[in-house]
Amino acid sequence: MSDENRFLYDVAHAVDPLGDLEEEAEKAAKHNRAKVGSARPTSLLYTYGPGAIMDLPQFTIMPTGLDDWDRIWARRDSTPPQIHAPRLRDVVRMTLRSPDVQLRPYPWQPKKHSRSAEGNDLGVPSRVFPQWLRCTGCDLLGLLSQFDYRNTHPYRTDLAVFEHTKCTGRVGSGSRKAARRTAIPARYLLACPDGHLDEFPYDLWVHRGRPCAKAELPTLKMVDRLAGKGASAVIHCASCDMRRPMNEAQGEVGRGKLPQCRGRHPHLDAFEPKGCANQTRLMLVGASNLWFPATWSIIVMPDSPQEKADDLADRVRTVLGDNLAMFRDQPVVVRALLATGKVDVTKLSEQELEDVLQAASAPVDTPEQQEQKLRDWDPVDLLVPEWQHLLREFHGHRTEEPKSGLTLAKRERGPELRPEITRVLAVERLRKVNALVGFTRIDDMDRVGDLPRRLAPLTRTSRPAWTVATEDRGEGIFLQLDENKVAAWEKDVENSEVWTHHKESHKRNFERRFSETADKVSHLTRLKPPRYWLVHTFAHILIRELALTCGYAAASLSERLYAWPAADGREPSAGLLICTTASDSDGTLGGLVQLSDPTRLQQVVNSALRKATRCSSDPICAMRTPQDPEDFLHGAACHCCVMASETSCERANRFLDRRFLLNLPGSALGFFEPHE
């Protein structure tokens, strides 16, 4: 089977969420049978992306793979919009092993007012999942086709509902008069570590793998009297009176009673052609480990001359396609074709155009070369250009770059600002671009990074043409720490007993919780250096303090950490950017940037460090050091003093220790000198 047919797919079941609108329009019928809800772009990227399950008021849906999104864009003759972020696009291409991937926003268009028609032809295609439903009136457990769907109010998508039209209620409930009752999703699913997801086979479960002895299509019921206590439901076959509780499927013993994974990707309406050898696991619809996004993000910086040239060559190659080789020696034809594709080369001389065409004609990396690049690539490479630009000196008090939107302003150091902080910038405006490259189930991506097959795909083809991305705009504060002091402090920490305990705990954590190939990877390659722990902990206490006065909730503030030692020609870094961004507006309100004022900032820093010296959980928190067999990845840090919400922290509250900031009782490893 070729790479372009990576998954088996039945075209007859292609999903088109707006196709029913077209059918109704032909019949001159007025119904709203397509739109069932809405979500912000950030939630569609980080919580409810393709392959995830999204809760609606009456049922659950799953956004489909990106192949089906092309049907949405095809309704418009214009080229789908793209997000300009060449540095991120190149990383996404490498990760997806596809040389032509573009970044596109979600299919959405703003409306002038709530009842206007702009953007009604756009939307995120989704399918109802799971498709086993349970009647809330009589406990009937059946497939989607056994229930009636209603969604007729044009402005009340929350009223979309599946109903059991002739429900007579439960036995012994009194009146047996038929009535319409709401049907809700049956909450059990089967998942496997390689990203597959499937419906739970209730009919086979209750009959223990055999067909019903009384009926070809048995009537099933899900009886649940103890809600909120795990898998408490009992599956009952009303045709043959067999019963089986769902708690038999729980735990290690229950896992052996579940069927082998079929390799199903419901968001792609497809199965792995070679099947799947994994054993399935019982999963609840609302489980937090059902879907973990794999994303890359950058703060957009002004393009360097080389980046501009590479981006132009890439756009030329993409627009011309096969015509590039055909008309390579005909510059007049090339200019006309590029003008049609909206690539402006009118200001280029003949020689400059020739250089661009030569760069665009360069051979694409072979699969072997792509794999080698991916193995050698370090995610820190995404941060290096940002760090270098933030350290660059500029003329005047303020600098603004129109294309990237980045606006920086110098800030003087306040007289009482800690001397360990050497540079302060107010990031008045910034643009952050985030791209989705896949997702995992059961384990987060950073736990399976050495096992590419566990990254579930977004498309049926192995070489996708695009992936979804979002643009966030906002503001922030950048702080740089004194590199000389950080380097000297880091040497002392590396020779300390506390750091030895952290390394041993990380090794235990890595071996117990990483993927099955962990024995082939050194745990030290995944352990962050002491300076990262320092910068990370400092960022967290600043977020907690800034949230008290900046006007944004702590969960709205996020960190971007620049903390790596010198290696392979890369200059060392020690700094952080605290920022807040919004994806559905033109930016934020400036409350965070105002705190970069010298007087205010020194008050924030001093107050944050002072509060970090004490914790309501001390002395337990201050003395916490992982000991065998413990494997947690933090030291003197807890939710009372340092830890932040998952929207703020890039490492899920790992690699934190207050002892690296300040001298706590029993420790003299603090980076910041005591403040008089």
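Please refer to the structure higher up on the page.
S.K.: What am I meant to see in the overall build of the protein here?
M.R.: The number of helices and strands found in the protein is 17 helices and 25 strands. The C-alpha radius of gyration computed for the protein amounts to 28 Å, which stays within 12% of the reference 26 Å derived for 676 residues, consistent with globular compactness. Structurally, the protein occupies a C-alpha span of about 80 × 75 × 50 Å along its principal axes. Counting across all 676 residues of the protein, residues that qualify as buried make up 49%. Relative to all contacts within the protein whose residues are 6 or more apart in sequence, the contacts with residues 24 or more apart total 70%. Here the protein has roughly 33,200 Å² of accessible surface; of this, 51% comes from carbon and sulfur atoms. When the 92 basic and 92 acidic side-chain charges of the protein are each reduced to a single mean position, those positions are 7 Å apart.

S.K.: Which parts of the structure should I look at to understand the packing of helix H7 (residues 305-320) against helix H9 (residues 331-340)?
M.R.: Helix packing for two helices is described by the angle between their axes and how far apart those axes are. The interhelical angle for the contact between H7 and H9, taken along N-to-C directions, is 90°, at an axis separation of 10 Å. Put simply, H7 runs roughly perpendicular to H9. For the pair H7 and H9, the contacting residues are Val 316, Val 319 and Leu 320 in the first and Val 334, Leu 337 and Leu 338 in the second. Looking at the contact of H7 with H9 residue by residue, the class counts come to six nonpolar, no polar and no charged.

S.K.: Would you take a moment to explain the sheet that holds strand S12 (residues 197-199) for this structure?
M.R.: Hydrogen bonds between backbone atoms are what pair the strands of a sheet, whose relative direction is either parallel or antiparallel. Sheet architecture is open: three strands sit in the order S12-S11-S18, paired in antiparallel fashion. Two strands lie at the open edges of the sheet, namely S12 and strand S18 (281-284), each paired on one side alone. Strand after strand, the sheet turns through a mean of 40° between neighbouring axes, direction not considered. Looking at chain direction, strand S11 (residues 188-191) and S12 are connected through three bridges and run antiparallel. In the sheet register, Leu 190 faces S12, and the bridge partner there is Asp 198.

S.K.: Explain the packing of aromatic side chains to me, please; I cannot follow it from the model alone.
M.R.: How two aromatic rings sit relative to each other is set out by the distance from centre to centre and by the angle between their planes. Inspection of the entire model under this criterion finds 24 aromatic pairs. A ring pair is formed by Trp 69 and Tyr 106, whose centres lie 5.6 Å apart and whose planes are at 45°; its orientation type is tilted. Taken as a pair, Trp 69 in helix H3 (residues 66-73) and Tyr 106 in the loop between strand S4 (102-104) and strand S5 (126-128) lie far apart in primary sequence, 37 residues in all. Per residue, the accessibility class of Trp 69 equals that of Tyr 106, and both read buried. Taking 5.1 Å as the distance between ring centres and 80° as the angle between the ring planes, the aromatic pair formed by Phe 671 and Phe 672 counts as edge-to-face. On the accessibility criterion, Phe 672 (2% relative accessible area) is buried. Taken together, Trp 489, Trp 499, Tyr 532, Trp 533, Phe 538, Phe 655, Phe 660, Phe 671 and Phe 672 form an aromatic cluster joined through their ring pairs.

What counts as what
- Residues numbered from 1 in each chain as written.
- Predicted model: local features only at pLDDT ≥ 70, side-chain atom pairs only at ≥ 80, totals over all residues.
- Heavy atoms only, no water.
- Helix = DSSP H or I, 4+ residues; strand = E, 2+ residues; numbered from the N terminus.
- Rg over C-alpha atoms; globule rule 2.2 N^0.38 Å.
- Buried < 20%, exposed > 50% of the residue type's maximum accessible area, 1.4 Å probe, protein only.
- Contact = heavy atoms within 4.5 Å.
- Areas by Shrake-Rupley, 256 points an atom, 1.4 Å probe, with all protein chains shown as cover.
- Lys, Arg positive; Asp, Glu negative; His and termini not counted.
- Charge placed at Lys NZ, Arg CZ, Asp CG, Glu CD.
- Axes fitted to C-alpha atoms, helices over the stretch in contact; angles between N-to-C directions.
- Parallel < 35°, antiparallel > 145°, perpendicular 65-115°, else oblique.
- Nonpolar A, V, L, I, M, F, W, Y, C, P; charged D, E, K, R; others polar.
- Pairing = 2+ DSSP bridges.
- Phe/Tyr/Trp six-rings, centres within 6.5 Å; stacked < 30°, edge-to-face > 60°.

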